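A structural walkthrough
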Amino acid sequence: MRTAMSAAAGGILAAALVASAVVPASAEVPSGDPTTYESFPAVADPGDRHEDYFEPLWLDDNGNHIQAHGGQIVETEEDGETVYYWYGEDRSNGYFNSPGVHAYRSTDAMNWTDEGLVLRSVQNADELAGDYFDALYDTVDDAGQPRTERIAELNYHLNSNELADYTTIFERPKVLYNQQTDKWVLWWHSDGRTTPGGSTYARSMAGVAVSDSPTGPFELTGVYRMPNRTDYKACTQAAVPGQARDMTVHQEPDGSAYIVYSSEENRSLYIARLNDDYTNVTHTTDTDMANAHQFSANGEYPYLFADGTAEAPVRGEDFQIVKECGMLEAPAVFTHGDRYYVAASGATGWAPNPQTYHTSDSLMGPWIRGVEADDEHENVAYDAIPEGGDGLLSVGDSRGTTFGSQSTDVFDLGGGRHVYMGDRWNRGEADSTYVWLPITIGENGVAQMRNPAVEDPERWGTGWDASYWDDKGAGDGVWSVVDDRLPAQVAPGEDFGAQLPATVPVDVDGAAGEVEVTWSATRFDTLGEHTITGTLASDDTFGEGRTFTRTIEAHIDGIENLAPSSDVTASSRQELAPTLTDGDVTGKGWDDWVAGGAHPLSSTLEFSWTLPQDVDSVVVNTYQDGPDATWPARIDAEYRDLTGQWVDTEIGVDLAQDPAAGPPVAELDLAGLPATTGVRLGLTTETVTWQSISEVQIWGAASGADVCSADGTVLTASFHQTDWEVMPAEFACDRDGATAWSTWDGEDLHDRAVLTVEPQEAHTLDRVAFTNVEGTIESVGIEYRDAAGQWHPTTAQGVAPAANGALTTIAFDAVEASAVRLTFETPGSYLKIPSLGIGSGGAEPSTVEAAAQLRCVGAKAHLVVTATNTGGAEADLRVETEYGARTLSGVAPGASESTTFHTRASEPAPGEATVSTAGARATAAYEATACG
């Protein structure tokens, strides 16, 4: 018979054990008037320094802020009614001194009744001899004396007092109901000190407790290390055997259950199958293999290593790794259709970060990030995935903080409606709050989480509920559009509505059928790739509102985006300059932020080429980086002439600073400029903030092929920088101004350097252009190799280059060349060339043909001229109109190329265009037209 411990016995116990010091004063739990909730709380993400960051509180039936942090929702049925239990960490005393695991009950998942502590901690060892713990653990013998050894063992795993020698940490409690045993099983991340005053994360274990009731009391039955691969130190030498930190659990319809845990110092995320009663893993031993002071009520411990023995767990059968060497914690598992999802955060302490998710068709893998295997973001750091990138969970998360939260669970309301549960941590204080947000599942199973209060503040600004999914196409199963039947290209300004299909074939879990679709656009006024959204009608499986996106290119023959072939230079944050031409017109790209809050009011972006280009227009896609207008108020343009001087164009555009309207797209018309080797954009603002740009497109007709950077071209040099072997010849032609070919070796300087450029096939060439930035080049000589393999000098010999930092252009009589050799005279010096181009000219054709037509683009007309080389050799064709002139370089025999001129008029008059080359000339008439 168990009896209460006497006062005398308590004194003996306190002397026998290392007693805990007095618990520090408890932090007050925020409270208010009891509230009846009709929706899930709306949350904002104003930043952790904002006074409202830890709002709103979520109050229970007593008016106290709910204490269920790091927790989980368990759905069950009681008397024919759906009931939810919310388990979590009780932080009413702050991060340390936790009372244990708290539970709340609800029938609508919005209003919660306090069910009290279901797994209790202690603040000193004496408490374990009290009636509550004696009833659970038999801590007092029949004579009323405390069982000292048992109490000491339990105290090690249950004492959460901050001042205790071996402080225990309770985190991320998760609960399973085992129908076979009729038991409720609670798992949690059980951590704490292993030495007095040491790290509170030294144990790295998972605790387990059982109960006959969902409201406890739960009895501790084990605290374990978890299974590991044998090479568990592959990601870091600091890893300890069987480490288990942030964790969750998952239960299958067939009754099997799994534990998911961060291991290897959070470098790898594991899944391991639990035994039939859910209280241990499938392979156990009677030995504490980690020698880590594990606890087991029945003497069984997890067999830790997949070492190939008969007793060992097998990877792919008993456990699997979701991600190796990936720095993931806070896992949350859910299913949609037949697909498994694991959402997880990066490991950044209390600070939230952009969370990712992984998917698999089986818990035993293989797992991939997002839904696309081996995509470009598969193995980048979690915070390097751009907006909309595969595997990034949140959409519209401008701060990159998962809306100021860290995942803890995802629970299913049914019908494809998934609710993300996250914590907004105030370093574990009692006023840490909750972020609950809806997850939608899109095409191919893409998971996307949005914040309704930000997405539609008028509708959801005070809270959101299950009706959020009513127009989001909710339903079970994974679907995809088999064939969108869209045109690949359209003309800018063209109404292509008649080309859009009324239905598309949609596959759902392997079965396809036609579904009605509506489209977001029927015309695009600007050149380039545009996103069009299709919205599917509802059917027997899915509600209305399923959307998918595709791209359509607005295209004019002869016009291309010249920006990706340019060197990009930014006045600040040069490391972000490549994002300006990466093709992502909506995601965050570059901004001019500088440290210390000294935001520039004026910044520049330069786009440069070695060979002259004919520019028609520049399109600047701005970006809204936060709730305010974070884009330029004005953009002005300059161009660089063929002497290397920057020239003001007096062309600019003002941008409205209206954050409610969203980031604008600016277009600058540069069609009247001469051929140029660079465009510089001046960005100015009167607002003390950063100026954000997502993408810049420069539309025009390329003046000639650059064989230096063409695919398949081979570059060799007599030598390159020898001290570190880091500046080879190919760096001169890689279209990256941040890399260079250098001949400096630090000691013996060479008097001459030779660069050989060998394209895949012969070209007619007539010019070389480059910029040297260091050293001294006295002169340059150019040779070419003919079809027979013989080398000959061109007419460019002994040419003195421009000053360092300025573009040097060297023209010579056109030659048919299978290779080009440049000899740089550098007596007593060296060279350093970041960018070099070799242009194609041509032999003179004997005949040419011309055609011309006016086309409407929006309310203005463009003149499209098509030139055909009807001769027998590659040639440069000169196109001349009253709206400007261009040279189409290297036109192959029998080939046609088109070029476009802006008329800047709505009703241009009829006229003529001419196409010419030496010895040949053709004229084409065009009729008047009216646009608008």
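Above this note sits the structure.
First, a word on what this report is: a plain description of the structure on this page. (Residues numbered from 1 in each chain as written. Predicted model: local features only at pLDDT ≥ 70, side-chain atom pairs only at ≥ 80, totals over all residues. Heavy atoms only, no water.)

1. With respect to the overall build of the protein chain
To keep things clear, this is the line we draw: Every helix listed is a DSSP run of H or I at least four residues long, and every strand listed is a run of E at least two residues long, numbered separately from the N terminus. Contacts were defined at the residue level, with two residues in contact if any of their heavy atoms lie within 4.5 Å. Here the accessible surface of atoms and residues is derived via Shrake-Rupley with a 1.4 Å probe, and residues count as covered only by protein chains that are part of the display. Within this scheme the basic residues Lys and Arg register as positive and the acidic residues Asp and Glu register as negative, but His and the chain ends are omitted. Charge coordinates come from a single atom per side chain, which is NZ of Lys, CZ of Arg, CG of Asp or CD of Glu.
The number of helices and strands found in the protein chain is five helices and 56 strands. Considering only intrachain contacts with a sequence separation of at least 6, the fraction spanning at least 24 residues in the protein chain is 63%. Accessible surface, the protein chain as shown: approximately 37,700 Å² in total, 46% of it carbon and sulfur. Averaging the positions of the 50 positive and the 146 negative side-chain charges in the protein chain gives two centres separated by 2 Å.

2. A closer look at the pattern of salt bridges
Basically, it comes down to this: By salt bridge we mean one thing: a side-chain nitrogen of Lys or Arg within 4 Å of a carboxyl oxygen of Asp or Glu.
Here the structure, examined in full by the defined rule, presents 32 salt bridges. The residue Glu89 makes a salt bridge to Arg91 at a minimum N-O spacing of 2.9 Å. Of the charged contacts in the structure, one is a salt bridge between Asp625 and Lys588, with a shortest N-O distance of 3.0 Å. Residue Asp625 is located in the loop between strand E33 (602-622) and strand E34 (634-640), and its partner Lys588 is located in the loop between strand E31 (567-570) and strand E32 (590-591); the two are separated by 37 residues in the primary sequence.

3. A word on the pairing of strand E38 (residues 692-701)
Note the threshold: Burial classes: relative accessible area under 20% of the type maximum marks a residue as buried, over 50% as exposed, and values in between as partly exposed (1.4 Å probe, protein chains only). A strand pair is defined by DSSP finding two or more bridges across the two strands.
Across the 10 residues that make up E38, a large majority, 10, are buried. Pairing of strand E30 (residues 560-561) with E38 involves two bridges; the strand directions are antiparallel. Along E38, the bridge assignment pairs Glu560 with Gly700. Two strands pair when backbone bridges link them, and E33 and E38 are joined in this way by eight bridges, in the antiparallel orientation. Within E38, the position partnered with Val619 by the bridge is Gln697.

4. Side note on the state of the cysteines
Note on terminology: a disulfide is the covalent bond linking the sulfur atoms of two cysteines. As a reminder, the rule being used: Count a disulfide wherever a pair of cysteine sulfur atoms falls within 2.5 Å.
Enumeration according to the criterion identifies three disulfides in this entry. Here Cys708 pairs with Cys733 through a disulfide, and the sulfurs are 1.5 Å apart. Here Cys708, found in the loop between E38 and strand E39 (714-717), pairs with Cys733, found in the loop between E39 and strand E40 (741-742); they are 25 residues apart in sequence, far enough to count as distant. Residue Cys708 is classed as buried on the basis of its relative accessible area of 2%. Taking relative accessible area as the criterion, Cys733 reaches 6% and is therefore assigned buried. The disulfide partner of Cys856 is Cys931, and the gap between their sulfur atoms is 2.0 Å. In this structure, the disulfide formed by Cys856 and Cys931 twists by about -85° around the S-S bond and is classed as left-handed. Of this pair, Cys856 sits in strand E50 (residues 848-857) while Cys931 sits in the segment after strand E56 (920-926), placing them 75 residues apart in sequence. With a relative accessible area of 33%, Cys856 lands in the partly exposed category.

5. Regarding the side chain of Arg369
The condition that has to hold: Whenever two N or O atoms come within 3.5 Å, that pair is a polar contact, provided that in protein one can donate a hydrogen and the other can accept it, and provided that, for residues adjacent in sequence, both atoms are side-chain atoms.
On the secondary structure map, Arg369 appears in strand E19 (residues 368-369). Within the buried core, Arg369 has no salt-bridge partner, and the shortest N-O distance to an opposite charge, that of Glu378, equals 6.0 Å. A distance of 2.8 Å separates a polar atom in the side chain of Arg369 from the backbone oxygen of Val380.

6. Side note on the nonpolar core
Where we set the bar: Note on terminology: a nonpolar core comprises buried Ala, Val, Leu, Ile, Met, Phe, Trp, Tyr and Cys residues joined through side-chain atoms within 4.5 Å.
In terms of nonpolar packing, the biggest core is built from 36 residues, with Tyr87, Leu119, Leu158 and Leu220 touching the most fellow members. The contact partners of Leu119, leaving out residues within four places of it in the chain, are Pro99, Gly100, Val101, Phe170, Leu186, Trp188, Ala209 and Phe218. By size, the runner-up hydrophobic cluster in this structure holds 31 residues, among which are Trp590, Ala629, Leu655 and Leu681.

7. A closer look at the side chain of Arg767
Structurally, Arg767 is set in strand E42 (residues 763-771). The exposure class of Arg767 is buried, given its relative accessible area of 15%. One polar contact links Arg767 to Asp766, side chain to side chain, over a distance of 2.7 Å.

8. What to know about the packing of aromatic side chains
For clarity, the threshold we go by: Pairing of aromatic rings covers Phe, Tyr and Trp, the last through its six-membered ring, and needs centres within 6.5 Å; plane angles under 30 degrees mean stacked, over 60 mean edge-to-face, and all others mean tilted.
All chains considered together, the criterion is met by 35 aromatic pairs. Centre to centre, the rings of Trp464 and Tyr468 are 6.4 Å apart; their planes meet at 70°, and the pair counts as edge-to-face. By the burial criterion, Trp464 is buried, and Tyr468 matches it. Aromatic side chains Trp741 and Phe824 sit 5.8 Å apart centroid to centroid with 70° between the ring planes, which places their arrangement in the edge-to-face category. Here Phe824 lies in strand E47 (residues 819-825) and Trp741 lies in strand E40, a separation of 83 residues in the sequence. Across the pair, Phe824 and Trp741 agree in class, each one buried.

9. A closer look at the sheet that holds strand E45 (residues 791-793)
Short version of the rule: For helices, the fitted axis covers only the stretch in contact; all axes are lines through C-alpha atoms, and the angles between them, taken along N-to-C directions, range from 0 to 180 degrees.
Strand order in the open sheet made by the five strands is E39-E41-E47-E44-E45, with antiparallel pairing throughout. Two strands close off the open sheet at either side, each with one partner strand: E39 and E45. Each neighbouring strand pair of the sheet contributes to a mean axis angle of 20°, computed without reference to strand direction. Of the pairings in the sheet, the one linking strand E41 (residues 752-758) to E47 comprises six bridges and is antiparallel in character. Bridge assignment links Leu755 to a residue of E47, and that residue is Leu822.

10. Topic: the sheet that holds strand E51 (residues 860-869)
Here three strands make up an open sheet; going across it, the order is E50-E51-E54 and the pairing antiparallel. Of all strands in the sheet, those bounded by a partner on one side alone are E50 and strand E54 (896-902). On average, each strand axis in the sheet is inclined to that of its neighbour by 20°, with strand direction left out of account.

11. Some details on unusual backbone geometry
In this structure, Pro56 follows Glu55 across a cis peptide bond, with omega equal to 0°. In this fold, Pro56 is placed in the loop between helix H1 (7-16) and strand E1 (69-78). The peptide bond linking Gly365 to Pro366 adopts the cis configuration, its omega dihedral lying at 5°. Turning to its location among the elements, Pro366 is positioned in the loop between strand E18 (356-360) and E19. Located in the positive-phi region is Met327, a residue other than glycine, with phi close to 55°. Considering the arrangement of structural elements, one finds Met327 in the loop between strand E15 (319-323) and strand E16 (329-336). By relative accessible area, Met327 is classed as partly exposed at 26%.

12. Concerning the layout of surface pockets
Test applied: Computed over the protein atoms alone on a 1 Å grid, cavities are sets of points where a 1.4 Å probe fits but cannot get out and pockets are open sets with protein on both sides within 12 Å along at least five of seven lines; a residue lines them when it has an atom within 4 Å of a point. Grid points are joined across faces, edges and corners, and a volume is the space filled by probe spheres set on the points.
Looking at the second largest pocket, its volume works out to about 1,000 Å³. As for the second largest pocket, its lining consists of 38 residues, of which Glu75, Leu176, His250, Gln251 and Glu252 are closest to the centre. Broken down by secondary-structure element, the contributors of at least two residues to the lining of the second largest pocket are E1, strand E5 (168-178), strand E9 (247-251), E16 and strand E20 (406-414). Looking at the lining of the second largest pocket element by element, the count peaks at six residues for E1.

13. Concerning a negative patch on the surface
The cut-off we apply is this: Patches in this entry comprise residues that are over 30% relatively accessible and not in a salt bridge; like charges within 9 Å are linked, as are nonpolar side chains (Val, Leu, Ile, Met, Phe, Trp, Tyr) within 5 Å.
A cluster of acidic residues, Asp276, Asp277, Asp286 and Glu300, forms a negative patch on the protein surface. Mapping Asp276 onto the fold places it in the loop between strand E11 (268-273) and strand E12 (284-285).

14. Looking at the pairing of strand E7 (residues 205-211)
Of all seven residues that make up E7, seven are buried, and the element is covered over most of its length. Here E7 shows two buried faces, one formed by Met205, Gly207, Ala209 and Ser211 and the other by Ala206, Val208 and Val210. Two strands pair when backbone bridges link them, and strand E6 (residues 183-192) and E7 are joined in this way by seven bridges, in the antiparallel orientation. Within E7, the position partnered with Trp188 by the bridge is Gly207. With five bridges connecting them, E7 and strand E8 (residues 219-224) associate as antiparallel partners. Bridge assignment links Ala206 to a residue of E8, and that residue is Tyr224.

15. Some words on empty space enclosed by the protein
As a reminder of what qualifies: Note that Gly is not counted as nonpolar here; it falls among the polar residues with everything else outside the nonpolar set of Ala, Val, Leu, Ile, Met, Phe, Trp, Tyr, Cys and Pro and the charged set of Asp, Glu, Lys and Arg.
Going through the model one piece at a time under the given rule, you end up with three cavities of 30 Å³ or more. Around the largest cavity sit His336, Gly416, Thr440, Ile441, Trp469, Lys472, Gly473, Ala474, Gly475, Gly477, Trp479 and Phe542, which together line it. Taken together, the residues that form the lining of the largest cavity break down as five nonpolar, six polar and one charged.

16. Some thoughts on the environment of Gln237
Turning to its location among the elements, Gln237 is positioned in the loop between E8 and E9. Spatially, the C-alpha atoms of Gln237 and Glu265 are 9.4 Å apart, while their sequence positions differ by 28 residues.

Distances and angles like these do not, on their own, reveal function.
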